[in-house]
Amino acid sequence: MRNTGTLYLIPTSLSKKPLKEELKEFDLDIIRDLKYYIVETPKVARAHLKNLDIVLQELDMRVLDEHSKPKDIPYLLEPLIKGNDVGLMSDAGTPAVADPGNIVVRECHRLGIKVIPMVGPSSILLALMASGLNGQSFVFHGYLPRDPEKRKKRISHIERESIRRNQSQIFIEAPYRNKAIIKDILEVCNPNTDFTIAIDITGEKEYINTMSIVQWRESKEIKVLDIPSIYILQGKRV
C-alpha cells in the first residue's frame, strides 16, 4: 500500500496579520515546504501565505467551499493519496470549524491519512474566553435562520436551552445581517439574559462586551459593524 501524506490544519488570521505573526516557527517551517493546499478562496489563501518565502505561483490550490460536492472529495485528496503533504486553510480562523473543511478531515480519518492540527486563532474560543460566560459547558450553533420569524423562534429556543442546561450558546452571523440579529435578540430575550457581542476579534476594530439584555437595551454603546462577529447568550433562571 502506498504511503499517504499528512493533512495539516492551518489556522489563519482573523484580521490582517500575516501568518508569521500568528503561528509558531516550527509550523511555519512545515508550511514553507508544502506544495499542495485545500483552500476556501485561492486569492485569500495566497494573501495569508505571502511573506513566507514561498513561490506562490508554484502551489497547487484546490477549492473546498460551500458549493463543493461529495464527488469533489477524491480530487481534493489526490495529492495525499499519492504521498504528498497537504495544508487545509479556511479564509479566516480555524479550518473545519464553522467551515466545510470537516468533510475532508473526516474522509482522511476513514482512509487512515494522518491529520495534524496547528495551533492558532479561533474566533469562537477567543470570544468565549473574553465573554465571562460559562466556559465549562457551551454549544456552538453556527448560523441562525435567515427568515426573520424563524430566526426569532430559534433565538427563543436557544435561550430556553441555555437556562435549562446552564450553557453558553454561541452563534455567528453574516456581517450584513449583524444589525438584524442584534435587533431580534434584544426584542425576544429575557431582560436578565447575558449577551456578549464580539466584533473583529484580534483586529483593529476589536470590541468585546457582555451585558444583560436590559443593559444592552438601555446602552448607547451597541456597536453594529459589517464585519465578522460572534454572539453568545446565557440565560438565567428567574
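One structure accompanies this document, and this report is about it. (Residues numbered from 1 in each chain as written. Predicted model: local features only at pLDDT ≥ 70, side-chain atom pairs only at ≥ 80, totals over all residues. Heavy atoms only, no water.)

Thoughts on the overall build of the protein
Each helix and strand counted, the protein has eight helices and 10 strands in total. Along the three orthogonal principal directions, the C-alpha set of the protein runs to about 60 × 35 × 30 Å. Every one of the 238 residues in the protein was classed for burial, and the buried ones make up 47%. By sequence separation, contacts in the protein at least 24 residues apart represent 73% of the contacts at least 6 residues apart. In the protein, 35 side chains carry a positive charge and 32 a negative one; their mean positions are 5 Å apart. (Helix = DSSP H or I, 4+ residues; strand = E, 2+ residues; numbered from the N terminus. Buried < 20%, exposed > 50% of the residue type's maximum accessible area, 1.4 Å probe, protein only. Contact = heavy atoms within 4.5 Å. Lys, Arg positive; Asp, Glu negative; His and termini not counted. Charge placed at Lys NZ, Arg CZ, Asp CG, Glu CD.)

Re the environment of Ser13
Within the element layout of this structure, Ser13 appears in the loop between β1 (6–9) and α1 (25–33). Measuring from C-alpha to C-alpha, the distance between Ser13 and Ser123 comes to 9.8 Å, with 110 residues separating the pair along the chain. Engagement of the side chain of Ser13 in a polar contact is seen with the side chain of Glu22, the distance being 3.3 Å. (Polar contact = N/O pair within 3.5 Å; in protein donor to acceptor, adjacent residues only side chain to side chain.)

Some remarks on the pattern of salt bridges
For the structure shown, the criterion picks out 15 salt bridges. Here Arg165 ties to Glu161 by a salt bridge, and the two come within 2.9 Å at their closest N and O atoms. On the criterion of helical spacing, the pair formed by Arg165 and Glu161 is a turn pair, its members being four residues apart in helix α6 (residues 148–165). When its relative accessible area of 18% is taken as the criterion, Glu161 is described as buried. (Salt bridge = Lys/Arg side-chain N within 4 Å of Asp/Glu carboxyl O.)

Some details on the sheet that holds strand β4 (residues 86–89)
In spatial order, the strands read β3-β2-β4-β1-β5; together these five strands make up an open sheet with parallel pairing. Lying at the two open borders of the sheet, with one neighbouring strand each, are β3 (60–63) and β5 (114–117). On average, each strand axis in the sheet is tilted by 25° relative to the strand beside it, whichever way the strands run. The pairing of β1 with β4 spans three bridges and is classified as parallel. What sits directly across from Leu7, in β4, is Val86. Along the sheet face, helix α2 (residues 42–49) touches β2 (36–39), β3 and β4 and points at about 135° away from the line of β3. (Pairing = 2+ DSSP bridges. Axes fitted to C-alpha atoms, helices over the stretch in contact; angles between N-to-C directions.)

A few points about a nonpolar patch on the surface
Taken together, the side chains of Leu125, Met129 and Phe138 define a hydrophobic patch exposed on the protein surface, amounting to about 320 Å² of accessible area. Relative to the assigned elements, Met129 resides in helix α5 (residues 123–131). (Patch = residues over 30% accessible without salt bridge, like charges linked within 9 Å, V, L, I, M, F, W, Y side chains within 5 Å. Areas by Shrake-Rupley, 256 points an atom, 1.4 Å probe, with all protein chains shown as cover.)

Quick notes on the nonpolar core
The biggest cluster of nonpolar side chains holds 19 residues, and the ones touching the most others in it are Ile10, Ile31, Tyr37 and Leu49. Contributions of two or more residues to this core are made by α1, β2 and α2. Setting aside its immediate chain neighbours within four residues, Ile31 contacts Ile10, Leu19, Leu23, Tyr37, Leu49, Leu52, Ile54 and Met118. (Core = buried A, V, L, I, M, F, W, Y, C linked by side-chain atoms within 4.5 Å.)

Remarks on the sheet that holds strand β8 (residues 194–199)
By definition, the strands of a sheet pair up through backbone hydrogen bonds, in either a parallel or an antiparallel sense. The five strands lie next to each other as β6-β7-β10-β8-β9, forming an open sheet whose pairing is mixed. The strands lining the two open edges of the sheet, one partner per strand, are β6 (138–143) and β9 (207–212). For this sheet the average axis-to-axis angle between neighbouring strands, irrespective of direction, equals 15°. Across five bridges, the pairing between strand β7 (residues 168–173) and strand β10 (residues 229–234) is antiparallel. Directly across from Gln169, in β10, lies its bridge partner Leu233. The strands touched by α5 within the sheet are β6, β7, β8, β9 and β10, with β10 carrying the most contacts at an inclination of about 45°. Set on the sheet, α6 makes contact with β6, β7 and β10; between it and β7 the angle comes to about 155°.

Some details on the packing of aromatic side chains
This model, assessed by the stated rule, comprises three aromatic pairs. A ring pair is formed by Phe195 and Tyr231, whose centres lie 6.0 Å apart and whose planes are at 20°; its orientation type is stacked. Taken together, the residues Phe195 in strand β8 and Tyr231 in strand β10 connect sequence positions 36 residues apart. Tyr231 shares its class with Phe195; the two are buried. Three or more aromatic residues joined by ring pairs make a cluster, and in this case those are Phe171, Phe195, Trp216 and Tyr231. Between Arg62 and the ring centre of Tyr75, over which it is positioned, the NZ or CZ distance is 4.3 Å. (Phe/Tyr/Trp six-rings, centres within 6.5 Å; stacked < 30°, edge-to-face > 60°. Lys NZ or Arg CZ within 6 Å of the ring centre and 35° of its normal.)

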